[in-house]
Amino acid sequence: MPEKTHPTLFSAGLSLATAARALAAGGVIAHPTESVWGLACDPNNPDAVARLLKLKNRPLEKGLILVSGDVDHFSGLLHSLNGDQRARVDATWPGPVTWLVPHFGQVPPWISGVHHSVALRHTNHPFTAALSRAFGGPIVSTSANPAGCQPPRHKFQVLRYFGDELDFVGGGNTGGRTAPSEIRDVTSGRIVRAG
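Residues numbered from 1 in each chain as written. Predicted model: local features only at pLDDT ≥ 70, side-chain atom pairs only at ≥ 80, totals over all residues. Heavy atoms only, no water.

### A word on the overall build of the protein chain
Right, on to step 1. What the protein chain contains, in helices and strands, is 7 helices and 9 strands.
Right, on to step 2. Relative to a compact globule of 195 residues, whose C-alpha radius of gyration would be 16 Å, the protein chain shows 16 Å and is just as compact.
Right, on to step 3. Overall, the C-alpha framework of the protein chain stretches about 55 × 40 × 30 Å when taken along its three principal axes.
Right, on to step 4. Taking contacts inside the protein chain between residues at least 6 apart in sequence as the whole, the part at least 24 apart equals 67%.
Right, on to step 5. As displayed, the protein chain offers around 9700 Å² of accessible surface, 55% of which is attributable to carbon and sulfur atoms.
Right, on to step 6. Each charge class in the protein chain can be summarised by its mean position, and for the 18 positive and 14 negative side chains these summaries are 7 Å apart. (Helix = DSSP H or I, 4+ residues; strand = E, 2+ residues; numbered from the N terminus. Rg over C-alpha atoms; globule rule 2.2 N^0.38 Å. Contact = heavy atoms within 4.5 Å. Areas by Shrake-Rupley, 256 points an atom, 1.4 Å probe, with all protein chains shown as cover. Lys, Arg positive; Asp, Glu negative; His and termini not counted. Charge placed at Lys NZ, Arg CZ, Asp CG, Glu CD.)

Structure representation (structure tokens):
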């Protein structure tokens, strides 16, 4: 007798595979994060990033956040941190804290914008963490709203903003946080955006 597959697990696996394929093909997708829905794409694909920025009406200069469920995806960017800096980062990860880390030219300008640092978050959202692992690296993740509009907390809001302009929308629910991720500067320790 064949083993039964739980339908929820099966559909979640299908969603994950579909989302990862869309990213690899240069698509822009919407997915839940710790607090709001995000738009994601392949950070190494300048056309995908340009499309995401156009959808959001977000200027390139502002830079974007890289998110992963595997801290090893950030190892090249974290190796320059001193012991105290790395301890501060490790104390908050995985979780809803984004760190601004010097990139020393290791990320393309369409990710860092005009900044000498890059925003990194080791997420603990189950779908987003699994998505980055399935994709094989960090993903761009920025709130799924056009500039000036409220970040969406529900899938229907994402669809209202973007309709059928996205290549995938799904992945369950947000983590339930009411505030966006806190942003801290690893060099100064300063909180740039409170969570």
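### Quick notes on the side chain of Ser 132
Right, on to step 1. The residue Ser 132 is located in helix α6 (residues 126-135) in this model.
Right, on to step 2. Leaving out residues up to four positions away in the same chain, Ser 132 has contacts with Val 67, Ser 68, Gly 69, Asp 70, His 73 and Gly 137.

### A look at the pairing of strand β5 (residues 117-122)
Right, on to step 1. Counting buried positions over the 6 residues of β5 gives 6, a clear majority of the element.
Right, on to step 2. What you see with β5 is no split at all: Ser 117, Ala 119 and Arg 121 on one side and Val 118, Leu 120 and His 122 on the other are buried throughout.
Right, on to step 3. Direction of pairing for strand β3 (residues 65-68) relative to β5: parallel, over a ladder of 4 bridges. Its bridge partner being in β5, Val 67 is matched across the sheet by Arg 121.
Right, on to step 4. Alignment of strand β4 (residues 97-102) against β5, held across 4 bridges, turns out to be antiparallel. The partner of Val 101 across the bridge, within β5, is Val 118. (Buried < 20%, exposed > 50% of the residue type's maximum accessible area, 1.4 Å probe, protein only. Pairing = 2+ DSSP bridges.)

### Quick word on the packing of aromatic side chains
Pairs of aromatic rings are described using the distance from one ring centre to the other and the angle between the two planes.
Right, on to step 1. Under the defined criterion, the tally for this structure stands at 2 aromatic pairs.
Right, on to step 2. Aromatic pair Phe 74 and Trp 93: ring centres 5.9 Å apart, planes at 40°, arrangement tilted. With a gap of 19 residues between them, Phe 74 in the loop between β3 and α3 (75-78) and Trp 93 in the loop between α4 (83-92) and β4 connect regions that are remote in the sequence.
Right, on to step 3. Ring centres 6.1 Å apart and planes at 65° place the aromatic pair Tyr 161 and Phe 162 in the edge-to-face group.
Right, on to step 4. Among the residues examined, Tyr 161 registers a relative accessible area of 26% and is labelled partly exposed. (Phe/Tyr/Trp six-rings, centres within 6.5 Å; stacked < 30°, edge-to-face > 60°.)

### Observations regarding the pairing of β4
Right, on to step 1. For β4, the tally of buried residues reaches 6 of 6 residues, placing the bulk of the element in the interior.
Right, on to step 2. Of the two faces of β4, the one holding Val 97, Trp 99 and Val 101 and the one holding Thr 98, Leu 100 and Pro 102 are both buried throughout.
Right, on to step 3. Relative to strand β8 (residues 182-185), β4 runs parallel, the two sharing 4 bridges. What sits directly across from Trp 99, in β8, is Arg 184.

### Here we look at α4
Right, on to step 1. All of the buried residues along α4 are Gln 85, Val 89 and Thr 92. Projected down its long axis, α4 shows its buried positions confined to an angular sector of 70°, all on one face. Those residues of α4 that are exposed and aimed more than 90 degrees away from the buried face are Gly 83, Asp 84 and Ala 91.
Right, on to step 2. Where α4 is buried, its residues contact β4 and β8.
Right, on to step 3. The opening residue of α4, the one whose side-chain oxygen lies 3.1 Å from the backbone nitrogen of Asp 84, is Asn 82. (Arc of directions from axis to C-beta. Polar contact = N/O pair within 3.5 Å; in protein donor to acceptor, adjacent residues only side chain to side chain.)

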